[in-house]
Amino acid sequence: MNAMNFIINSTMKLPSTLLNLRNALFLGSRHRFNLPCCEDKLFYKSKASLLNFSKNSQFHAYPSRFVGFQRVINNAQKFNCLPSSVFARPRAVPMPNGFSVQAVVASKVRDLSTSVETGINDKNFERIHVQNGINVKTLVERIDTDKNLVGGENPLTEDGNNVKNIGEGLGNGKNGVSIDSAIEKEAWDLLRDSVVSYCGFPVGTVAANDPGDKQPLNYDQVFIRDFVPSALAFLLKGEGEIVKNFLLHTLQLQSWEKTVDCYSPGQGLMPASFKVRTVPIDDNKFEEVLDPDFGESAIGRVAPVDSGLWWIILLRAYGKITSDYSLQERVDVQTGMKLILNLCLADGFDMFPSLLVTDGSCMIDRRMGIHGHPLEIQALFYAALRSSREILSVNEGSKNLVRTINNRLNALSFHIREYYWVDMKKINEIYRYKTEEYSMDATNKFNIYPEQIPSWLMDWVPEEGGYLIGNLQPAHMDFRFFTLGNLWSIVSSLGTPKQNEGILNLIESKWDDIVGHMPLKICYPAVENEEWRIITGSDPKNTPWSYHNGGSWPTLLWQFTLACVKMGRLELAQKAIALAEKRLSRDHWPEYYDTRSGKFIGKQSRLYQTWTIAGFLTSKMMVENPEMSSLLFWGEDYELLEICVCALSKSGRVKCSRGAAKSQILV
């Protein structure tokens, strides 16, 4: 207890330790689970003091992943974490009769000095050093039930007025969003019910919370990509604690050990999801741990490329909305972000500035023919790079990384704007392509055969408007319209202002195809017949106009709304929200809808899908408060457009098509 009081009363900020387990065997044996429960905040007697402590404490959200330290055991019994009631009903393990719990901090705290290698050529990226880490370990202690652990007369209760409100911007009334409909109230209740607690504090939301689902598979886990709309809903509501906890805990799950058959992932990989598990320890005691999934349990065993990108984007959003930038400035957060960037920016055999990935590595997480350079990953990659450029602390150690980010941003934006964009003019150009061109002056740089243009495309693209195609590789253009990639190209300004306007013009013109009865199609059109068998491997879940193959996903609504807010097209967002509002509550908030127009609930769709609920709430708040929404998107970066990667290279390239491209694309 003396050690506990010392740590609580100390004003010293204690840095966390980030260490690759593969290089830390000297600390103790490896174990499958991660992050034992470690919360000293349970000693506080009221929620007000609890929230005040979380603002000032540096170590509470960083339970160490190391084992082998001295433990304090005092009549320990069953469970060591108190469920949080701030956000949701208790979701933690049941409490046995006659027992309560109390967190006890280990009496021995050791300083560690570690070095985390980036795995990248030292000429291009600096080494990252994290020193003076600490380990804090908690166990449980049996106490009498008549002793009120959290303060007797003032137990923790759900009270929106006392939820942590971080940042002066929210305190000044920018978050004044009204809840004026029964559907919104229902949605908020469902969202709060989906909150997952770890050590008594909220750390995320489950993917789906359907009480009638007998086989939840991994829908009972917290997914990084799925949590983003939930995080934005809480942030726009002024409740930032859950987002901060999520960012810190997922950071500590970086670079796990095993993926498939003892092969290790690249350092910096973020998990697709995690689950809070209760595991037994010695002497009939239990503890809560976070168990991450890096794809080793996923269908298809594909590692998530987008998780790290979403994490960086959410980190920026947290700072923008709350005005709390101290989280971004932490050494461990800066280090984790650098590890993600180094993994994405590593040199390889690929000649393109776009990110090369496997099929199923993003929101479309099954075989759908998106291997290579899918637009969704490129748009998120671009947004993550722009976020990082804002967040990274620029110093002698990071200047090479910042320079690499700028170069990649420039090359990526040029590549996507020039080669992914199609409208009637560009399609006619492709239709007349010459092939087998060999020279620096080739027009058909990727040897695209005009026969690849699908028959549906000619009559589908409107005269006013266009879009960015789904994928581009040598001798291959995927002309399908992928909604998420196009929307994030608008949000991040990956496309030019004219292209961004053209994308929304196309959606408006083809409203029945892309929106229909439920916003929005994940892609258009669906692949059918023999093409479906070849591309999907005869996937029975991805049948035409279902799931990833042309299904309608309500969670895309918030991203569509954000794009509309940016482009000043609020009427389109309001029209889409009105369609969703008519059906989502009545249909029990399904994951996706089937058929060409989105009339039917998906045949295998989970109900009470959390990101459907959160996407709807976030969309409503964005429309009601576009000023706050404007913090989440990026404007055109004209300084970036003046940089030419060719001029920066030492190879002395003479030929560069950038000048010709600017005259056609830049507005």
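About the cut-offs
- Residues numbered from 1 in each chain as written.
- Predicted model: local features only at pLDDT ≥ 70, side-chain atom pairs only at ≥ 80, totals over all residues.
- Heavy atoms only, no water.
- Helix = DSSP H or I, 4+ residues; strand = E, 2+ residues; numbered from the N terminus.
- Pairing = 2+ DSSP bridges.
- pLDDT = per-residue confidence, 0-100.
- Contact = heavy atoms within 4.5 Å.
- Salt bridge = Lys/Arg side-chain N within 4 Å of Asp/Glu carboxyl O.
- Buried < 20%, exposed > 50% of the residue type's maximum accessible area, 1.4 Å probe, protein only.
- Axes fitted to C-alpha atoms, helices over the stretch in contact; angles between N-to-C directions.
- Left-handed = near helix turned anticlockwise from the far one by under 90°.
- Nonpolar A, V, L, I, M, F, W, Y, C, P; charged D, E, K, R; others polar.
- Phe/Tyr/Trp six-rings, centres within 6.5 Å; stacked < 30°, edge-to-face > 60°.
- Lys NZ or Arg CZ within 6 Å of the ring centre and 35° of its normal.

1. Here's the deal with unusual backbone geometry
Logical step 1: In this chain, Pro-519 is followed by Leu-520 through a cis amide linkage whose omega measures -10 degrees.
Logical step 2: Tracing the sequence through the fold places Leu-520 in the loop between α16 (511-514) and β13 (523-524).
Logical step 3: Cis rather than trans, the peptide bond between Tyr-524 and Pro-525 has omega equal to -5 degrees.
Logical step 4: Along the chain, Pro-525 turns up in the loop between β13 and α17 (529-536).
Logical step 5: With a phi close to 65 degrees, Trp-545 is a non-glycine residue in the positive phi region.
Logical step 6: If you trace the backbone, Trp-545 turns up in the loop between α17 and α18 (557-567).
Logical step 7: Residues other than glycine seldom take positive phi values, yet Tyr-547 does so here, at roughly 50 degrees.
Logical step 8: Note on placement: Tyr-547 falls in the loop between α17 and α18.

2. Side note on the pairing of strand β8 (residues 273-281)
Logical step 1: Pairing of strand β7 (residues 222-223) with β8 involves 2 bridges; the strand directions are antiparallel. Across the sheet, residue Phe-223 finds its bridge partner in β8, namely Ser-273.
Logical step 2: Here β8 pairs with strand β9 (residues 285-293) via 9 bridges, running antiparallel. What sits directly across from Arg-277, in β9, is Val-289.
Logical step 3: Linkage of β8 to β9, two consecutive antiparallel strands, is achieved through a turn of 3 residues, within which Asp-283 is found at a positive phi near 60 degrees.

3. Side note on the confidence of the model for the protein chain
It should be kept in mind that the predicted coordinates are not to be read in detail where pLDDT is low.
Logical step 1: Overall, the prediction assigns the protein chain a mean pLDDT of 77, with 68% of residues at 70 or greater.
Logical step 2: For the stretch residues 1-33, pLDDT sits under 50, and the model shows 77 contacts to residues farther than four places along the chain or on other chains.
Logical step 3: The model gives residues 38-179 a pLDDT under 50, and that stretch makes 373 contacts with residues more than four places away or in other chains.

4. Some thoughts on the pattern of salt bridges
Logical step 1: Counted under the stated rule, the structure contains 21 salt bridges.
Logical step 2: One salt bridge connects Asp-291 with Arg-277, and the closest N-O pair in it is separated by 2.7 Å. Separated by 14 residues along the polypeptide, Asp-291 in strand β9 and Arg-277 in strand β8 bring together distant segments of the chain.
Logical step 3: A relative accessible area of 10% means that Asp-291 is categorised as buried.
Logical step 4: A relative accessible area of 30% means that Arg-277 is categorised as partly exposed.
Logical step 5: Residue Asp-332 is joined to Arg-330 by a salt bridge in which the shortest nitrogen-to-oxygen separation is 3.2 Å.

5. Focus on the packing of helix α6 (residues 241-251) against helix α7 (residues 306-322)
Logical step 1: In contact at an axis separation of 11 Å, α6 and α7 are set at 145 degrees when each is read in the N-to-C sense. Our pair here, α6 against α7, has a crossing hand that is left-handed. Contacts between α6 and α7 involve Val-243, Lys-244, Phe-246, Leu-247, Thr-250 and Leu-251 from the former and Trp-311, Leu-314, Leu-315 and Tyr-318 from the latter.
Logical step 2: The residue makeup of the contact of α6 with α7, split by class, is 8 nonpolar, 1 polar and 1 charged.

6. Comments concerning the packing of aromatic side chains
Logical step 1: With the rule as written, the count across this model stands at 22 aromatic pairs.
Logical step 2: The aromatic ring of Tyr-547 is capped on one face by Lys-541, whose charged end is 4.3 Å from the ring centroid.
Logical step 3: Above the ring of Tyr-219, the side-chain terminus of Arg-606 is found at 4.4 Å from the ring centroid.

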